[in-house]
Amino acid sequence: MPHRRLVYPQLSRLALLTLEAKGSLAPMPEFLAGLGLSVPGSEAALERLLDGRFALSPDGVGLQRWDRPFPPTGETIVALDLEATNGNPKTEDIIEVGAVKWSAAGREEFQSLVSPDRPLMPFVSKLTGITPQMLTGAPRAPEVLAQFREFLGDATLVVQNASFDIALLLREFGKLSYTLHNPVVDTVNLAHAALPGRRKRGLDTLSLLYNVPQGSRHRALDDARITLAIAENLYFSLAGPRDVQLKDLHHEFTKETPSTTPPPKHVRSNPKRRRHGR
C-alpha cells in the first residue's frame, strides 16, 4: 500500500487527539462524529484525509503505534542534538551533547555540557540559555565524545538537519581518530516526503504538526527528545502498516543512500540560519 501523506494536518491533529483521549479503537460512526464528518462518503474519504499513522479497518480507526513497535524490530535508534559556540560546523566547538537511545530494552539518555576552546557567541548564549560560566569546569570534548561513542554503539543515528550536527560530529571525531559508520536518518528528509508542499520543516513546525511537546528548545537533550518523537510520527506516517526499519525507510524516501559524509560547501552557505533557524 502506498503511504498516506499528511495533507490535512489540522484534521489529522484532531483525529490524533480524539484517539489518544479514547485510548482504544474508535468505531467508525463514533470517530466520524468526533471529527464532525457526517456527510455521505465520509468513511470512504478517510484514506486520503488521514496520514499513515492511522490504522483504518472495518472495525474502526486506531493508531499504527498501538499494534506495532517503535523502534522497529531489531533496530536501536539514537536521536542526537549538538549545541555549538556558533553556527558554523567547520570552525566551531561543541558546547553540549544530548542524545536519547531507544531500543527493545527501553530508553536511555545522555547529556553533557562541553568546555570549548573557542568563545561562546552572545547570540548562542541568549538562544540556548547556556552561559560561559556554565561551561567553566565542564568536561572537555575528548572525554564527552568517548562516552557518547560508547553510548551510541551501532545504533541508527537520528538527527534534525543532519548537515550541521553530523558535520560537526565528524570533525570532532576526526580529531580523536574516531570513525562514524552508523546509518544516519535526517528527519528533514523524511519530512520532505511526509509533508508535500510545505516549505518549513524545522523542529518548531514539526512539533506543532505532530502535537509534540517542545520542552526547553535549543537545549541539546530536549531537542533530542523532540527529534525522536517527530521521527516516530514520520516513521508511521510513511511506513503505514509495513514492517520496515527506520534506516531503510529513510533510504527509500531519499534519492541517495544515507551518508555520514558532510554536504557540499554550498549546501551550508549560511550555517547560522540553517542551524539556529530550525
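In the block above lies the structure referred to throughout.
This one's a predicted model, so the numbers in the text were calculated from it and none came from an experiment.

1. Here we look at the overall build of the protein
On a plain count of helices and strands, the protein comes out with 13 helices and seven strands. Taking all 278 residues of the protein together, the buried fraction comes to 52%. Within the protein, counting contacts between residues at least 6 apart in sequence, those at least 24 apart form 69% of the total. Surface summary for the protein: the accessible area is close to 13,000 Å², and the carbon and sulfur share equals 52%.

2. Concerning helix H9 (residues 187–194)
Among the eight residues of H9, six are classified as buried, and the element is accordingly described as predominantly covered. Within the sequence span of H9, burial applies to Thr187, Val188, Leu190, Ala191, Ala193 and Ala194. On its buried face, H9 is in contact with strand E6 (156–159), strand E7 (184–186), helix H10 (203–209), helix H11 (220–239) and helix H12 (246–252). For H9, the capping residue at the N-terminal end is Asp186, with a side-chain oxygen 2.9 Å from the backbone nitrogen of Val188.

3. Examining the pairing of strand E1 (residues 54–57)
Pairing analysis gives four bridges linking E1 to strand E2 (residues 60–63), with the strands arranged antiparallel. Across the sheet, the residue bridging to Ala55 is Gly62, located in E2. Where E1 hands over to E2, the hairpin turn is made up of two residues, counted between the paired strands.

4. Observations regarding the layout of surface pockets
In this model, the second largest pocket occupies a volume close to 350 Å³. Taken together, 22 residues make up the lining of the second largest pocket; nearest its centre are Asn211, Val212, Ala229, Glu232 and Asn233. Elements with a minimum of two residues in the lining of the second largest pocket: helix H1 (9–22), helix H4 (64–67) and H11. A total of eight residues in the lining of the second largest pocket trace back to one element, the largest contributor, which is H11. Per-class residue counts for the lining of the second largest pocket are ten nonpolar, five polar and seven charged.

5. Describing unusual backbone geometry
With an omega dihedral of 0°, the bond running from Phe70 to Pro71 counts as a cis peptide bond. Structurally, Pro71 can be placed in the loop between H4 and strand E3 (77–84). Despite not being glycine, Asn161 has its phi angle at roughly 60°, a positive value. Within the secondary structure layout, Asn161 lies in the loop between E6 and helix H8 (162–175). The class of Asn161 is buried, set by a relative accessible area of 8%.

6. Considering the pattern of salt bridges
It is possible for side chains bearing opposite charge to pair when their charged atoms get close. Per the stated rule, a full pass over the model turns up 13 salt bridges. Residue Glu92 is joined to Arg118 by a salt bridge in which the shortest nitrogen-to-oxygen separation is 3.3 Å. On the criterion of sequence distance, the pair formed by Glu92 in the loop between E3 and strand E4 (94–103) and Arg118 in the loop between strand E5 (106–113) and helix H5 (122–128) is long-range, its members being 26 residues apart. Assessed through its relative accessible area of 6%, Glu92 is described here as buried. Using a relative accessible area of 39% as the deciding quantity, one classes Arg118 as partly exposed. For Glu172, the salt bridge is made with Lys175, and the minimal N-O distance between the two is 3.1 Å.

7. Here we look at the nonpolar core
Counting residues in each nonpolar core, the largest one holds 32 residues, and the members touching the most others are Phe70, Leu195, Tyr210, Tyr235 and Leu246. Breaking this core down by element, the ones donating at least two residues are E3, E4, H9, H10, H11 and H12. If you tally residues by element for this core, the top one is H11, at eleven residues. Those residues in contact with Leu246, other than ones at most four positions away along the chain, are Phe70, Pro72, Glu75, Ile77, Val158, Val185, Leu190 and Tyr235. Counting 26 residues, the second largest nonpolar core, distinct from the first, contains Leu82, Phe110, Leu145 and Leu180.

What counts, and where the lines are drawn
Residues numbered from 1 in each chain as written. Predicted model: local features only at pLDDT ≥ 70, side-chain atom pairs only at ≥ 80, totals over all residues. Heavy atoms only, no water. Helix = DSSP H or I, 4+ residues; strand = E, 2+ residues; numbered from the N terminus. Buried < 20%, exposed > 50% of the residue type's maximum accessible area, 1.4 Å probe, protein only. Contact = heavy atoms within 4.5 Å. Areas by Shrake-Rupley, 256 points an atom, 1.4 Å probe, with all protein chains shown as cover. Polar contact = N/O pair within 3.5 Å; in protein donor to acceptor, adjacent residues only side chain to side chain. Pairing = 2+ DSSP bridges. 1 Å grid on protein atoms, 1.4 Å probe; cavity = no way out; pocket = protein on both sides within 12 Å on 5 of 7 lines; lining within 4 Å. Points joined across faces, edges and corners; volume = space filled by probe spheres on them. Nonpolar A, V, L, I, M, F, W, Y, C, P; charged D, E, K, R; others polar. Salt bridge = Lys/Arg side-chain N within 4 Å of Asp/Glu carboxyl O. Core = buried A, V, L, I, M, F, W, Y, C linked by side-chain atoms within 4.5 Å.

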